[in-house]
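What follows is the residue order along each chain.
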Amino acid sequence: MNTHDVIAMLWELHALTVLDEGSPQSFKARAYENAVRGIEGAGVDVTGLGKSELTKIKGVGGSTADKILEYVTTGKVDKIERLRAEYPPEFVVLSKIPGVGPKTLKTLRSELGINDLDDLKDAIASERLRTVSGLGKTSEEKIAKAIERLGMHGKDRRTPIAEAMPIANRLVRDIEGIEGVERAEYCGSLRRFAETVGDIDITVAALEGEPVMEAVRTHPLAADIVAAGETKTSILSREGLQVDVRVVAPDQFGAATLYFTGSKSHNIVLRQRAIDRGMLLNEYGLFAEDQTVASRSEEEIYAALDLAYIEPPLRESSGEVEAAASGTLPDLVRREHIRGDLHYHTTRSGDGRSSLEDMVQAAVEAGYEYVAITDHGEDLAINGSSREEMLAHRDAIRDLEQRRGDIRLLFGCELNIGSDGSLDYDPEFRALFEWSVASVHSHFDLDVETQTARIIGAISKGSVNVIGHLTGRYIGRRPGIDLDVDPILEALAMTGVGLEVNGALDRLDASSTVVRRALAAGVRLVLSTDSHHTSELGRMDFAVRNAQRGWGERSDVANALPLEEFEAWAHNRS
Ligand code: DGT
Ligand code: CA
Ligand code: CA
Ligand code: ZN
C-alpha cells in the first residue's frame, strides 16, 4: 500500500459522503477533499505516519487521520464498508448524469424507489420523474437527453478509460511482483487506448498459473469472482468492471498479447494474411505445418507476416494493415519527441494546486525545453485572473526564467470562449500573451449552429494559438458541446491555429476521431496535459497515445518542434 492508495480511499470516502449527505458542500465531504489536497501538496509517504504526524499535514483533521490509520493497518475502512452497502455501484453511477445531483438522487430514491439506471429510465418513460418535488417536465426531458447522449446502457454500460486505467495499472504492477512472473501487460481495448472499455484483459507470462490466479482471486480490487480457472480468472471490481487475467507460457506471450489486444477485426485481417501465406495464426503463435514460425514477441509475428510493426492504438482495421504492408505507416509521434507543455496552470489559477516554482521545476525534470504558463483568463468565475494579477504574474515568470536559465517560459493564458465567440480582456491586452489557449468553460447546451459559430469566432480573433479541449466533454460524465466539426477544422487549417489533444484521461479532447480528420484537413496539433498540479505531468503520455490513435505523426505536432521553430510558429498567429 502506498500514498496513492490512501488518496484513492479518501476520494471514495468523499464520493460516498457526498451521496450520503446529499451535498458536495457538506462539512465532512469538504474535509476529505482538503485532506487529499494537503497530502498531495505535502508530497510525503503517509503510510508510515502516526496520528500526530498526520494531523500536522495541512487539511488533515483528527477524524480523517483515524480513517487513514485504520486503512493502513487493516486494509479497510469501516465507514466505507457501511456506505458501500447502502450505495451500491449501480446507484452511484446515476450521480454521473448531468442534472442529477446528490440531492436529487436522494429524493429519487426516497420518493420513487429508484436504485439503478433501469429504474430511472422506467420513471422517465412513465413520466413520474416530473412529479418529484424540485423537478418538472423540463428537467425530466433534460435528464432523458443526458442519458442518451452519454450512451449509458444499464447493465452493459462501458467504463470510461479514466476509471479503467488505474485499476489495470495497479493489477499489472501487483502481478509483475509475483515470483515466477516474467511479464504482465494489459491488452484489449485499453491497450488500443479506446475511450471506454467493456472490460480489462491482462496477459501474464509465467510458467506456473496458480500463484497468479491465487493473487488475483484474493486481490483487494476483487469485489467478486466471476470465473476461476487454472490459467484464466475473471474478477469484478467494486464499480462493476470485469477484469480477465490470463496466464500463458513466456514463449507464447507475443502471440497472446497480439490476439488479446485485438481489435477483433484487426485479428481477422491478420489471420487471413497468414492463411494467404500458407500459415495459421492464433493466440498460441504463428504456425506453418506444425512448425512454430513466431510466437514470443509481437514484432516477430508482424515481421513473419511481411508487415512493419503496428502500434496498438492503430489496430482498428482502418487501413493500418495495408499501410504496414506497403511501408506507409505514419511516423507516429512519441513521448520522447515532446519538447514542451503548452497548457499548464499554477496557483495563479483558483483551481491550480502547485506553485509556479514547483510547476517549472517539474517541467525541467520532465526534460522540457519550454513551457507556456496558461493560467485562467478573467472571465472564468472564481478561478480567473484580473489584468493586474496577470501583469504581476508576467513579472514573476520573467524573473523565474532568468534566475533558472534552464528553460524557456512563455507568458500565456487560457482564454475563455464566450457564448458568442468573444474572448477575455481586449485585443491589446491579449497581444501581451506570448501563447494563448482558448477553451469553452460555459454554456454547454447551445444549439449546433451557435456552438460552431462560437468556436470559429474565437479562432478568427487573431489572439489565439490553439483551441483547448474542443468539446468540453468529460467521458462518461458530460457530453461535449454539439459541433459541426468540418467547418471548424477548415477554419483552423486556414488560420494556422492549432488543435489541442488534451491528455487528461477523462477528457481526451479532441478525440482520436477528430484528430484524424483534423490531420487530413492540414491542422497542426498541440499535445497538452492541462496540469493543475505537479502530479499531472504524466498525462503527456496519454495525449501522445490519443494522437497516435488519430494517426498523428511527429511532424504534425507543434510542441515536438525545437524551440526556435516553435517560437517562430507561435509568434505568427494570424
Ligand atoms: P471491449 O472489452 O469491449 O472494450 O473490447 P476488446 O477489444 O477488449 O474486446 P474483448 O475484451 O471482448 O476481447 C479482447 C480481444 O480478444 C479482442 O480485442 C480480440 C480478441 N478476441 C476476442 N474474441 C475474438 C474472436 O471471436 N475472434 C478474434 N479474432 N479475436 C477475438
Ligand atoms: Ca476488453
Ligand atoms: Ca475480455
Ligand atoms: Zn486549463
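These lines cover the structure that appears in this document, whether it is placed above or below. Keep in mind the model is a prediction, meaning the values are calculated, not measured.

## What to know about helix α23 (residues 539-549)
- Taken across its eleven residues, α23 has ten buried, putting it largely inside the fold.
- If you check which residues of α23 are buried, you get Arg-539, Met-540, Phe-542, Ala-543, Val-544, Arg-545, Asn-546, Ala-547, Gln-548 and Arg-549.
- Of the surrounding secondary structure, the elements contacted by the buried residues of α23 are α10 (161-176), β2 (181-186), β11 (340-341), β16 (498-502), α22 (512-520) and β17 (525-528).
- Residue Trp-551 follows α23 closely and has a positive phi angle near 65°.

## Considerations on the coordination of the calcium ion (ligand 3)
- Ligation of the calcium ion (ligand 3) by protein atoms is provided by Asp-199 (OD), Asp-199 (OD), Asp-201 (OD) and Asp-244 (OD), these donors lying 2.3 to 2.9 Å from the ion.
- Within one chain, the residues serving as donors to the calcium ion (ligand 3) are arranged as D-x1-D-x42-D.
- A gap of 3.8 Å separates the calcium ion (ligand 3) and the calcium ion (ligand 2), which Asp-199 links by coordinating each metal. In this pair, Asp-199 is assigned in the loop between β3 (196-197) and β4 (200-206) and Asp-244 in strand β7 (residues 242-248), connecting sequence segments 45 residues apart.

## Here we look at the packing of helix α1 (residues 3-21) against helix α4 (residues 62-74)
- The N-to-C vectors of α1 and α4 enclose an angle of 125°; their axes lie 11 Å apart at closest approach. Considered as vectors, α1 and α4 are oriented oblique to each other. Seen from above, α1 lies across α4 with right-handed handedness. Across from Asp-5, Val-6, Met-9, Leu-10 and Leu-13 in α1, the residues of α4 making contact are Thr-64, Lys-67, Ile-68, Tyr-71 and Val-72.
- The residue inventory of the contact of α1 with α4, partitioned by class, reads seven nonpolar, one polar and two charged.

## Comments concerning the site of ligand 1
- Close contacts around ligand 1 come from 16 residues, with Arg-158, Ser-189, Arg-192, Gly-198 and Asp-199 the closest.
- Within the contact set of ligand 1, an oxygen atom lies 2.8 Å away from a backbone nitrogen or oxygen of Gly-198.
- When the free accessible area of ligand 1 is taken as 600 Å², the share hidden by the protein chains comes to 72%.
- Residue assignment for the shell around ligand 1 shows that the elements contributing at least two residues are α11 (188-191), α13 (253-261) and α14 (264-276).
- Residues that form the shell around ligand 1 fall into these classes: three nonpolar, seven polar and six charged.
- Residues from two domains meet in the shell around ligand 1; each of domain 2 (159-248) and domain 3 (264-326) gives at least three.

## Details of the side chain of His-343
- Inspection of the secondary structure puts His-343 in the loop between β11 and α17 (356-365).
- A polar atom in the side chain of His-343 sits 3.0 Å from the side chain of Glu-414.
- Here the side chain of His-343 touches Glu-500 through a polar contact of 2.6 Å, side chain to side chain.
- Discounting chain neighbours no more than four positions away, the residues touching His-343 are Ala-372, Thr-374, Glu-414, Val-437, His-469, Glu-500, Asn-502, Ser-528, Thr-529, Asp-530 and Ser-531.

## Some details on the coordination of the zinc ion (ligand 4)
- Here the zinc ion (ligand 4) is held by His-343 (NE2), His-345 (NE2), Glu-414 (OE) and Asp-530 (OD), and the distances to it run 2.1 to 2.3 Å.
- Around the zinc ion (ligand 4) sit four donor atoms; with metal-centred angles ranging over 80 to 172°, the donor geometry is irregular.
- Of note, the donors binding the zinc ion (ligand 4) are all from one chain and are spaced H-x1-H-x68-E-x115-D. Of the two residues, His-345 sits in the loop between β11 and α17 while Glu-414 sits in strand β13 (residues 408-416), which places them 69 residues apart along the sequence.
- On the basis of relative accessible area, His-345 is assigned to the buried category, the value being 0%.
- Classification of Glu-414 as buried rests on a relative accessible area of 1%.

## Observations concerning the sheet that holds strand β15 (residues 466-467)
- The parallel open sheet is built from seven strands, whose spatial order is β11-β12-β13-β14-β15-β16-β17. Only two strands of the sheet have a single partner each, and these edge strands are β11 and β17.
- Where β13 and strand β14 (residues 435-439) come together, five bridges link them in parallel fashion. Across the sheet, Glu-414 pairs through a bridge with Val-437, a residue of β14.

## Focus on the side chain of Ser-439
- The residue Ser-439 is located in strand β14 in this model.
- Among the polar contacts listed, one links the side chain of Ser-439 to the side chain of Glu-414, at a separation of 2.7 Å.

## Points about the sheet that holds β7
- Reading across from one edge, β2-β4-β7-β6-β5 is the order of the five strands in this open sheet, with mixed pairing throughout. Two strands in the sheet have a free side with no partner beyond their single neighbour: β2 and β5 (224-228). Averaged over all adjacent pairs, the angle separating strand axes in this sheet is 20°, with direction ignored.
- Pairing between β2 and β4: five bridges, direction antiparallel. In the strand pairing of β4, Glu-185 is matched with Thr-203.
- Packing of α10 onto the sheet brings it into contact with β2, β4, β6 (232-236) and β7, and relative to β2 it is tilted by some 175°.

Cut-offs used in this document
Within each chain, residue numbers correspond to sequence positions counted from 1 in written order. Just so you know, chain letters begin at A and ligand numbers begin at 1, following the order they were written in. Restriction of local features to residues with pLDDT of at least 70 applies here, the model being predicted, together with a cutoff of 80 or more for giving and counting side-chain atom pairs; totals for whole chains, interfaces and linings are based on all residues. The side-chain numbers reported here are obtained from all heavy atoms of the structure, hydrogens and water having been left aside. Each residue is placed in one exposure class: buried if its accessible area under a 1.4 Å probe, protein chains only, is under 20% of its type's maximum, exposed if it is over 50%, and partly exposed if it falls in between. To qualify as a helix, a DSSP run of H or I must reach at least 4 residues; to qualify as a strand, a run of E must reach at least 2; elements of each kind are numbered from the N terminus. Contacts are assigned to residue pairs with any non-hydrogen atoms lying within 4.5 Å of each other. Coordinating donors are taken as N, O and S atoms within 2.8 Å of the metal, stretched to 3.2 Å for Na, K and Ca; because water is absent from the atoms, sites can appear incomplete. Between N-to-C directions, angles cover 0 to 180 degrees, with each direction set by a line fitted to C-alpha atoms, over the stretch in contact for helices. In this scheme, roughly parallel covers angles under 35 degrees and roughly antiparallel covers those over 145, while 65 to 115 is roughly perpendicular and the rest are oblique. Handedness of each helix crossing follows the sense of rotation of the near helix against the far helix: counterclockwise by less than a right angle gives left-handed, clockwise gives right-handed. Note on residue categories: nonpolar means Ala, Val, Leu, Ile, Met, Phe, Trp, Tyr, Cys or Pro, charged means Asp, Glu, Lys or Arg, and polar means any other residue, Gly included. By convention in these notes, a residue is near a molecule or strand provided one of its non-hydrogen atoms lies within 4 Å of it. Here a polar contact is taken to be a pair of N or O atoms separated by no more than 3.5 Å, where protein atoms must pair a possible hydrogen donor with a possible acceptor and residues adjacent in sequence count only if both atoms sit in side chains. All accessibility values rest on the Shrake-Rupley procedure with a 1.4 Å probe; residue burial counts only the protein chains present in the view. Here the limits of each domain have been adopted from an automatic or database domain assignment. Key to geometry: four donors with every angle between 85 and 135 degrees are tetrahedral; four donors are square planar and six octahedral where opposite donors lie over 155 degrees apart and all remaining angles lie between 65 and 115; all other sites are irregular. Only strands joined by at least two bridges in the DSSP assignment are considered to pair.

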